[in-house]
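Chain residues, written in single-letter form:
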Amino acid sequence: YGIFFLLLNLLFNNDIKGGGLFSHWDLLTLVPVITNACGGLIVGLVTKYAGGVVKGFSLIVGIIITGIAQYFVDGKPLGLKDGLGIVLVSVSIFLHSRYPPKKKPEKISKDQ
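Bear in mind that the values here come from a model prediction, so they are computed numbers and not experimental data. (Residues numbered from 1 in each chain as written. Predicted model: local features only at pLDDT ≥ 70, side-chain atom pairs only at ≥ 80, totals over all residues. Heavy atoms only, no water.)

What follows deals with the overall build of the chain. Helix and strand counts for the chain come out as 5 helices and 0 strands. Helices and strands in the chain line up, N terminus first, as α-α-α-α-α. Burial statistics for the chain: of 112 residues in total, 4% are counted as buried. Summed over all atoms, the accessible surface of the chain reaches about 10300 Å², with 70% contributed by carbon and sulfur. (Helix = DSSP H or I, 4+ residues; strand = E, 2+ residues; numbered from the N terminus. Buried < 20%, exposed > 50% of the residue type's maximum accessible area, 1.4 Å probe, protein only. Areas by Shrake-Rupley, 256 points an atom, 1.4 Å probe, with all protein chains shown as cover.)

What follows is the structure, encoded as structure tokens:
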């Protein structure tokens, strides 16, 4: 239902009527739009070629890297939960790569 109210707002908003939907945009406004679009394409490629489990691992590793970068930039130390999370993710990635899931045998159809 959200899109209905957004479109209704567009009809009654005077700023958009006067200059158009993209009237207040400039080149810097396109930076997050293009970044998010490229990120979505990369997520789609990772999911397609590597699978959902690897996508989940990469998402968690990205969050960990963000936490470590926040420590170096802001000086905010990582907490006990953050350290425990890093250990658990590292162990789960190791176990998944060391013992990958076995593929199910293909079923032979009656036609062959």
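Relative to the helices and strands, Ile65 is located in helix H4 (residues 52-74). Ile65 gets classed as exposed once you look at its relative accessible area, which sits at 52%. A C-alpha to C-alpha distance of 9.8 Å links Ile65 and Ile86, two positions 21 residues apart in sequence.

Where helix H3 (residues 27-50) contacts H4, the axes come no closer than 7 Å and their chain directions differ by 135°. Classified by the angle their axes make, H3 and H4 are oblique. Across the interface between the two elements, Val43, Val46, Thr47 and Ala50 of H3 pack against Val54, Lys55 and Ser58 of H4. Of the residues in the contact of H3 with H4, the class split is 4 nonpolar, 2 polar and 1 charged. (Axes fitted to C-alpha atoms, helices over the stretch in contact; angles between N-to-C directions. Parallel < 35°, antiparallel > 145°, perpendicular 65-115°, else oblique. Contact = heavy atoms within 4.5 Å. Nonpolar A, V, L, I, M, F, W, Y, C, P; charged D, E, K, R; others polar.)

Over its 24 residues, H3 runs 34 Å from end to end, which matches the ideal 34 Å to within 8%, given 1.5 Å per residue. Just past H3, the residue Gly51 takes up positive phi, approximately 105°. (Expected span 1.5 Å × (residues − 1).)

The next point concerns the packing of aromatic side chains. If you walk through the whole model with that rule in mind, you get 2 aromatic pairs. Consider the rings of Phe4 and Phe5, whose centres lie 5.2 Å apart with planes at 75°: the pair is edge-to-face. We classify Phe4 as exposed; its relative accessible area is 51%. Centre to centre, the rings of Tyr71 and Phe72 are 5.2 Å apart; their planes meet at 65°, and the pair counts as edge-to-face. (Phe/Tyr/Trp six-rings, centres within 6.5 Å; stacked < 30°, edge-to-face > 60°.)

Turning our attention to the packing of H4 against helix H5 (residues 80-98). One way to put it is that H4 packs onto H5 with a least axis distance of 11 Å and a crossing angle of 150°. In terms of axis orientation, H4 runs roughly antiparallel to H5. When you trace H4 past H5, the crossing you get is left-handed. Contact residues: Val53, Phe57, Ile60, Val61 and Ile64 in H4; Gly85, Ile86, Val89, Ser92, Ile93 and His96 in H5. (Left-handed = near helix turned anticlockwise from the far one by under 90°.)

By themselves, these observations are geometric and do not establish any function.
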